Amino acid sequence: MFDWLKKTKDKIKKLNEGVTEYTKDTVIQSLPSLAYVNKAKKLIELNKLDEAENELKKALELPQEDALAYKYLGLLYEKQMKFKLAVEMYQKSAELNEEDKNIWQKLGFALITTKEFERADKAFDNANKITPMNTDTFTGWGMSLMKMKNYEMARVKFIEASKYNRYNFSAIFLAAVCEVNLGLLDDAEIKLKFLTGVAPTESNNYEYANLRFLKNNYEDAILYATKAIELNPKILPAYLLLGKIYSIRFEKDKALKYYKTAEDNDLINDNLYLEWGKALIRFSNYAEAKWYLLKSYDLNLNNVEALENLVLVNALLSDLKDIPVLIEKLEKIKPSSIILKQARGIISYVNNECENSLSLLKETVETVDNNFISYFYMAKCSEKLGNDTKTKEYFDSAILKNPSYTIAYIDYAKYLIQKEKYADAQRKLRKVNKFESDNVDVLNLLFHVSYILVKENVCEYNIKETIAIANKITNPNLFNYKDELDELIKISKCERDKN
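These numbers come from a predicted model, not from an experiment.

Draft legend 1. Fine view of the overall build of the protein. Helix and strand counts for the protein stand at 28 helices and zero strands. Taken against the 2.2 N^0.38 rule, which gives 23 Å for 499 residues, the C-alpha radius of gyration of the protein at 34 Å runs more than 25% over that of a compact globule. With the C-alpha coordinates aligned to their principal axes, the bounding extent of the protein is approximately 135 × 45 × 40 Å. Sorting the 499 residues of the protein into buried and exposed places 50% on the buried side. Accessible area of the protein: about 26000 Å², with a carbon and sulfur share of 50%. Across the protein, the 74 positively charged side chains and the 74 negatively charged ones have centroids separated by 2 Å.

Structure (structure tokens):
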């Protein structure tokens, strides 16, 4: 027996030649493979990964399998971003030494990377049985549950993790994210407000901004999203949030500025162009919106929201050539899409199927973000059907929901002019002229109704004001009422002669 022991020691001594001693973290420290493992550990520290791999593979060639050799191969493959191989090695190590205090934890995190979340859940459960009350184990456990969208259980694990280490800000942050997903906004706010104070990272500021956005506090949302960008100019979600807020507030220049800045910073993906396109739909820039939505869809053919909005924008452009193919694709993926229903309502209007259009659009006004579009087409349908009460009601709803909806103001004014409601039409046109001061269509219509009202009540001031409207159209070829303008100039001269 002693001869055998002496031979084994001599063999280990020979293998250990030139290797720095490390703390032995194996339960069988007399394994011949230990020398290879220790040498590999040193090589890993020196980032000589190929050499380390060779040493560990030598260890595995020995008759007795060593859990440590597999463990450090797993670590090595993790460093090389070979996560599937890392999982395989950690799994073998765990099977050989189930009582290793951190192998199950390592396996769990590796499984999260390879998106095997159910296996990760079990790995962290095993880790907790061996070493209870470990903050990292509960953090990883929560992450695996979060990836499976089990936000309720994930939240429990993250809160548990923060109990065992009150400085585990990652666990507190992820608990708050779960609470946002669960609609527990007040609970999330306590955590995120705390984090923005003690650890004001870009992620903490962005999530707090998003929370304030969900609570409709846009000023706070803008403040914290801006802070997130100051901390990290490459944080795309903050740009998208700011663009969305300014789109909701119909502040076109500010909204588009953030999308453009994100693009200039090379933060390009399908979601950037999707949100950019959606914003342009809100601002009635349909042709430009289509261009960005096509870019979004080209970058990710699985982006259902990009496909939905492509269907919508084609309907808004009355471009019915490509729309059947897009609708067919969308019906297969998301037949219950409310945006698809809205688009179908618009298409029905284009095809003069007003009753069907109204029926479809009425089902969308409570749920779609762009419900002002539905109200606009409902007004147009009611106008065609001769229902004056509903026409006014729906036009009013459209411009109430979108106070900068130029197309709706123009068509509403045309309708009122047709009904000889000139003063009402003038009021609508003056309102839109405040933010569309150079819009030729608005100026032409405003001149027209003002001319009619001046003729009913001649007044030198009103004549001058109406002539001034015409003079704002600098290109005479775009002015539609030259004869009426000449008439007003003559009346103005007569009025001056009288005085």
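Here the narrative resumes.
Draft legend 2. Focus on the packing of aromatic side chains. In the structure shown here, the tally under the stated rule is 27 aromatic pairs. Ring centres of Trp 291 and Tyr 292 lie 4.8 Å apart, and the angle between their planes is 85°; on these two criteria the pair is classed as edge-to-face. One aromatic cluster is present, formed by Phe 250, Tyr 349, Phe 372, Phe 376, Tyr 377, Phe 395, Tyr 405, Tyr 412 and Tyr 415 through successive ring pairs. Geometry around Trp 141 places Lys 157 over its ring, the cationic atom sitting 3.7 Å from the centre. The residue whose ring lies beneath Lys 384 is Tyr 349, and the NZ or CZ to ring-centre distance is 4.4 Å.

Draft legend 3. Highlighting unusual backbone geometry. Residues other than glycine seldom take positive phi values, yet Asn 216 does so here, at roughly 65°. Notably, Ser 284 is not glycine yet its phi reads approximately 65°, a positive angle.

Draft legend 4. Broad picture of the nonpolar core. If you look at the biggest cluster of nonpolar residues, it comprises 161 residues, and the most contacted ones within it are Ile 281 and Phe 447. The residues touching Phe 447, leaving out its near neighbours within four places in the chain, are Thr 466, Ile 469, Ala 470, Phe 479, Tyr 481, Glu 484, Leu 485 and Leu 488.

Draft legend 5. Broad picture of the pattern of salt bridges. Tallying each qualifying case throughout the model produces 36 salt bridges. Residue Lys 129 is joined to Asp 125 by a salt bridge in which the shortest nitrogen-to-oxygen separation is 3.9 Å. Placement of both Lys 129 and Asp 125 in helix α7 (residues 117-130) is noted, with a separation of four residues, approximately one turn of the helix. The residue Lys 341 makes a salt bridge to Glu 363 at a minimum N-O spacing of 2.6 Å. Here Lys 341 is found in helix α20 (residues 338-350), whereas its partner Glu 363 is found in the loop between α21 (354-362) and α22 (371-384), with 22 residues between them in sequence. Here the salt bridges share partners, and the residues they tie into one network are Asp 186, Glu 189, Arg 212, Lys 215 and Asp 220.

Draft legend 6. Spotlight on the environment of Tyr 70. Relative to the assigned elements, Tyr 70 resides in helix α4 (residues 67-79). Measuring from C-alpha to C-alpha, the distance between Tyr 70 and Glu 88 comes to 8.7 Å, with 18 residues separating the pair along the chain. When residues no more than four places from it in sequence are discounted, the contact partners of Tyr 70 are Leu 60, Glu 65, Met 89, Tyr 90, Lys 92, Ser 93 and Leu 96.

Draft legend 7. Focus on the environment of Asn 462. Here Asn 462 is to be found in helix α27 (residues 460-471). When its relative accessible area of 26% is taken as the criterion, Asn 462 is described as partly exposed. Taking the C-alpha atoms as reference points, Asn 462 and Ser 318, separated by 144 residues in sequence, lie 40 Å from one another. With near-sequence residues (within four places) excluded, Asn 462 lies in contact with Val 454 and Asn 457.

Draft legend 8. Representation of the side chain of Ser 144 in the model. Topologically, Ser 144 is positioned in helix α8 (residues 135-147). Setting aside anything within four residues of it in sequence, one finds Ser 144 in contact with Ile 112, Phe 117, Ala 120, Asp 121 and Phe 124.

Draft legend 9. Fine view of the environment of Ser 170. Turning to its location among the elements, Ser 170 is positioned in helix α10 (residues 169-181). Under the relative-accessibility criterion, Ser 170 is labelled partly exposed at 47%. Here the alpha-carbon distance between Ser 170 and Phe 158, two residues twelve residues apart in the chain, equals 8.6 Å.

Draft legend 10. How the structure looks around the confidence of the model for the protein. Across the protein, the average pLDDT comes to 91, with 93% of residues at 70 or higher. When the criterion is pLDDT under 50, residues 1-30 qualifies, and its contacts beyond four places in sequence or with other chains add up to 33 contacts.

Draft legend 11. Quick look at α7. Along its 14 residues, α7 runs 20 Å from first to last C-alpha, staying within 8% of the 20 Å computed at 1.5 Å per residue. Packing partners of the buried residues in α7 comprise α6 (103-113) and α8.

Criteria and thresholds
- In this numbering scheme, every chain counts its residues from 1 along its sequence in written order.
- Only residues with pLDDT of 70 or above have their local features reported here, since the model is predicted, and side-chain atom pairs are shown and tallied only from 80 upward, although totals for entire chains, interfaces and linings are computed over all residues.
- Excluded from the side-chain calculation are hydrogens and water; included are all heavy atoms of the structure.
- The helix and strand labels rest on DSSP assignments: H or I over at least four residues marks a helix, E over at least two residues marks a strand, and numbering proceeds from the N terminus.
- Computation of the radius of gyration draws on C-alpha atoms, with the globule rule given as 2.2 Å multiplied by the number of residues to the power 0.38.
- Relative accessible area decides the class of each residue, using a 1.4 Å probe on protein chains only: under 20% of the type maximum gives buried, over 50% gives exposed, and in between gives partly exposed.
- Here the open area of atoms and residues is found with the Shrake-Rupley method and a 1.4 Å probe, where only the protein chains shown may cover a residue.
- In summary, the charge assignment counts Lys and Arg as positive and Asp and Glu as negative, without counting His or the chain termini.
- A charged residue contributes its charge at one atom only: NZ of Lys, CZ of Arg, CG of Asp or CD of Glu.
- By convention, a stacked pair of Phe, Tyr or Trp rings (six-membered ring in the case of Trp) has centres within 6.5 Å and planes under 30 degrees apart, an edge-to-face pair has planes over 60 apart, and any other such pair is tilted.
- Note on criteria: charge over ring means Lys NZ or Arg CZ within 6 Å of the ring centre, with the direction from the centre no more than 35 degrees off the ring normal.
- Think of a nonpolar core as a cluster: buried Ala, Val, Leu, Ile, Met, Phe, Trp, Tyr and Cys residues, connected wherever their side-chain atoms sit within 4.5 Å.
- A contact between two residues is defined here by any heavy atoms of the two lying within 4.5 Å.
- One speaks of a salt bridge when a side-chain nitrogen belonging to Lys or Arg is within 4 Å of a carboxyl oxygen belonging to Asp or Glu.
- How sure the predictor is of each residue is captured by pLDDT, a score from 0 to 100.
- One fewer than the residue count of a helix, multiplied by 1.5 Å, yields its expected span.

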